[in-house]
Amino acid sequence: MNATPPQPPRSAALQRMLERGYFEQASDFAATDAALDGGMVTFYVGYDPTAASLHVGHLVQIMAMRTLQRAGHKPIIIVGGGTGMIGDPSGKMEARKLLTSEDVAANTAAIREQLGRFLHFDAGKPNDAIMLDNAAWLLELKYIEFLRDVGRHFTVNRMIAVKTYRDRLDAEIPLSFLEFNYQLLQSYDFLHLFRHHGCTLQFGGSDQWGNMVAGVELIRRMTPEGQPNAAYCMTLPLLLNNDGRKMGKTERGAVWLDPQRLSPFEYFQFWIGCDDRDVAKLLRTFTDVPVAEIEALTAEGGAALNAAKARLAYEATALLHGLDHAVQARQASEQAFGSSDDWSAVPLVTVPGPEVRLVDLVTHPDIEAFKSKREARERIAAGAVKLNGEPVTDPAHLVTAAQIGEQGLRLQSGKKCRFRITLG
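Residues numbered from 1 in each chain as written. Predicted model: local features only at pLDDT ≥ 70, side-chain atom pairs only at ≥ 80, totals over all residues. Heavy atoms only, no water.

Asks: Could you clarify how one ought to interpret helix α8 (residues 163-170) in this entry?
Replies: Of the positions making up α8, those classed as buried are Thr164, Tyr165 and Arg168. The arc enclosing the buried residues of α8, seen along the axis, measures out at 95°, which places them on a common side. Exposed positions of α8 whose direction lies more than 90 degrees from the buried face are Lys163 and Asp170. Directly after α8, the chain includes Glu172, whose backbone phi takes a positive value near 55°. (Buried < 20%, exposed > 50% of the residue type's maximum accessible area, 1.4 Å probe, protein only. Helix = DSSP H or I, 4+ residues; strand = E, 2+ residues; numbered from the N terminus. Arc of directions from axis to C-beta.)

Shown next, in the form of structure tokens:
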């Protein structure tokens, strides 16, 4: 196993992945490089469809898939309709919620739409992406035959050495037999795709390393002697900020890719609000801005980085939501965080009823300026909330239709929260 590249890659795809920060380690770097340099490689990434939206933590994988497809390689996206009914224990200290088939179908459709922003699916090209549900083959398995044919290639000794299982056992947290089967099923996914779709490469997050290596070995063990059995895997780095913490969380929770869960304006603000030390890395990882231009944009620190952050926010928003939404989000940001009274581009939130108390307004599910009403009362009393530019310090203050102009009521809280409000 190659933890780091032993030599500069020959393939344009792997060169680009290294340049943009999409590589951590590979099962066989040289062989993977040679395969990517020798013609179209079919590769896969798997998602358990636990929600109707992916989030920004998935973006490294998505951008890596996009890079490989643009270099001529073919993506397969697996949604775990089968494995999702079990729940992947990787990186988790408790069992995941089990999914129904209806959950899987709805979530899969939503994920397919989001990925379509980054990948081409039905363009009539040989490397069009395809999306498959592993329930199609996993639910048909006969358990005794599966244990006989596949299970015999796994040892419990080795499986419990995997960090995910080891952490759960060391912490004396229950690990169900159902979850313990997950590595076998993910490995079988790779074997199935290898046999039926010519898929020879899998990649994912670093927490998937043990499962992916097990899949590579299963292909080698179960391919008849004399037939090609070359398969590879590689991991991508986790999305971490400069101090080593996972990125992708805000005061309001996950940074979703679904505009119904997180508006393009709020998505734009997530990138604007990044740490100065992370700007160059984020521009490399989540935009197509050339590296030389990134170096020029981030050469100076301090206030000069504001232009780099604005470029990052605009480019990342355009990739996900399109140019029109990126332009509107940029305009809304300039309005809301400048000195203008014109907030026409800022998101409008309609709150039910003819009136609402300020403490209820700022904790409304579509706003969530504060995590609790207790925190909201304290922050309002401290002058952290403004309506139409004026501080309001009474949590019980009633917001009524009379205060709302043609553009709505301008609500701001702290440095980041900006909304237009209307009642209805």
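Asks: For this particular structure, what's the right way to read the UniProt feature "binding site: L-tyrosine" (unreviewed entry) in the protein chain?
Replies: According to UniProt, the "binding site: L-tyrosine" (unreviewed entry) feature falls on Tyr44, Tyr182 and Gln186. Structurally, Tyr44 is set in strand β2 (residues 42-47). Sequence-distant contacts of Tyr44, defined by excluding residues within four places in its chain, comprise Ile76, Ile78, Gln186, Asp189, Phe190, Leu193, Cys199, Leu201, Gln202 and Phe203. Along the polypeptide, Tyr182 turns up in helix α10 (residues 182-197). (UniProt positions renumbered as here; feature names shortened; annotations may be inferred. Contact = heavy atoms within 4.5 Å.)

Asks: I would appreciate a short explanation of the sheet that holds strand β6 (residues 232-236) in the present structure.
Replies: By definition, the strands of a sheet pair up through backbone hydrogen bonds, in either a parallel or an antiparallel sense. With mixed pairing, the six strands of this open sheet are ordered in space as β1-β6-β5-β2-β3-β4. Each edge of the open sheet is held by one strand with a lone partner, namely β1 (25-26) and β4 (130-133). Sheet contacts for helix α4 (residues 101-115): β3 (74-79) and β4; angle to β4, the most-contacted strand, approximately 165°. Contacts from helix α11 (residues 209-222) reach β1, β5 (199-205) and β6 within the one sheet, and its direction differs from that of β6 by about 170°. (Pairing = 2+ DSSP bridges. Axes fitted to C-alpha atoms, helices over the stretch in contact; angles between N-to-C directions.)

Asks: Where do I start with the sheet that holds strand β11 (residues 385-387) in this structure?
Replies: Spatial ordering of the open sheet is given by β9-β15-β14-β11-β12, a layout of five strands whose pairing is mixed. Of all strands in the sheet, those with a lone pairing partner are β9 (348-351) and β12 (390-391), marking the two edges.

Asks: I tried to follow a nonpolar patch on the surface on my own but got confused; where do I start?
Replies: A contiguous nonpolar patch, built from Tyr143, Ile144, Leu147 and Phe177 and spanning about 430 Å² of accessible area, is present on the exposed surface. For the nonpolar patch, the element with the most residues is helix α6 (residues 143-149), which contributes three residues. Within the element layout of this structure, Phe177 appears in helix α9 (residues 177-180). Given the relative accessible area of 56%, Phe177 is considered exposed. (Patch = residues over 30% accessible without salt bridge, like charges linked within 9 Å, V, L, I, M, F, W, Y side chains within 5 Å. Areas by Shrake-Rupley, 256 points an atom, 1.4 Å probe, with all protein chains shown as cover. Salt bridge = Lys/Arg side-chain N within 4 Å of Asp/Glu carboxyl O.)

Asks: In this structure, what is going on with helix α1 (residues 12-20)? I would like to understand it.
Replies: Looking only at α1, the buried set comprises Ala13, Leu14, Met17 and Arg20. When α1 is viewed along its axis, its buried side chains cluster within an angular range of 135° and face the same direction. Close packing links the buried residues of α1 with α2 (29-37), α3 (59-70), β6, α13 (279-286) and α14 (291-297). Once α1 ends, the next one or two residues include Gly21, with phi positive near 90°.

Asks: What is the right way to read the packing of α1 against α3 from this model?
Replies: The relative placement of two packed helices is expressed as an angle between their axes plus a distance between the axes. In the contact formed by α1 and α3, the axes pass within 9 Å of each other and the chain directions differ by 150°. Judged by the angle between their axes, α1 and α3 are roughly antiparallel. Read as a crossing pair, α1 and α3 show a hand that is right-handed. Of the residues in α3, those touching α1 at Ala13, Arg16 and Met17 are Ala64, Thr67 and Leu68. For the contact of α1 with α3, a count of residues per class yields four nonpolar, one polar and one charged. (Parallel < 35°, antiparallel > 145°, perpendicular 65-115°, else oblique. Left-handed = near helix turned anticlockwise from the far one by under 90°. Nonpolar A, V, L, I, M, F, W, Y, C, P; charged D, E, K, R; others polar.)

Asks: Even after reading the chapter, I still don't get the UniProt feature "domain: Tyrosine--tRNA ligase SYY-like C-terminal" (unreviewed entry) in the protein chain, so can you show me in this structure?
Replies: Residues given the UniProt feature "domain: Tyrosine--tRNA ligase SYY-like C-terminal" (unreviewed entry) here are residues 344-416. Across residues 344-416 one finds 19% helix and 27% strand; the C-alpha atoms that close the span lie 17 Å apart.

Asks: Looking at this model, I keep getting lost on the packing of helix α12 (residues 264-272) against helix α15 (residues 305-321). Mind explaining?
Replies: Contact geometry for α12 and α15: axes closest at 8 Å, N-to-C directions at 140°. Relative to α15, the element α12 is oriented oblique. By crossing handedness, the relation of α12 to α15 is classed as right-handed. Of the residues in α15, those touching α12 at Pro264, Tyr267, Phe268, Trp271 and Ile272 are Lys309, Ala310, Leu312, Ala313, Tyr314, Ala316, Thr317, Leu320 and His321. Considered class by class, the residues forming the contact of α12 with α15 number 11 nonpolar, two polar and one charged.

Asks: Mind showing me how you'd approach the pairing of β2 here?
Replies: Each regular strand shows side chains that alternate between the opposite faces of the sheet. The buried fraction of β2 is high, at five of six residues. Strand direction decides the pairing type here: β2 and β3, joined by six bridges, are parallel. Across the sheet, Tyr44 pairs through a bridge with Ile76, a residue of β3. For the crossover from β2 across α3 to β3, the handedness is right-handed. Where β2 lies against β5, three bridges are found, and the strand directions are parallel. Within β5, the residue paired with Phe43 across the bridge is Leu201. (Right-handed = clockwise from strand over helix to strand, strands pointing away.)

Asks: What's the story with the pattern of salt bridges in this structure? I'm lost.
Replies: Note on pairing: side chains with opposite charge can pair once their charged atoms come close. Scanning the entire structure with this criterion turns up 14 salt bridges. Among the ionic pairs, Arg277 bridges to Asp275, the shortest N-O distance being 3.0 Å. Among the residues examined, Arg277 registers a relative accessible area of 52% and is labelled exposed. Residues participating in the shared-partner salt-bridge network are Arg16, Glu19, Arg66, Arg70 and Asp288.

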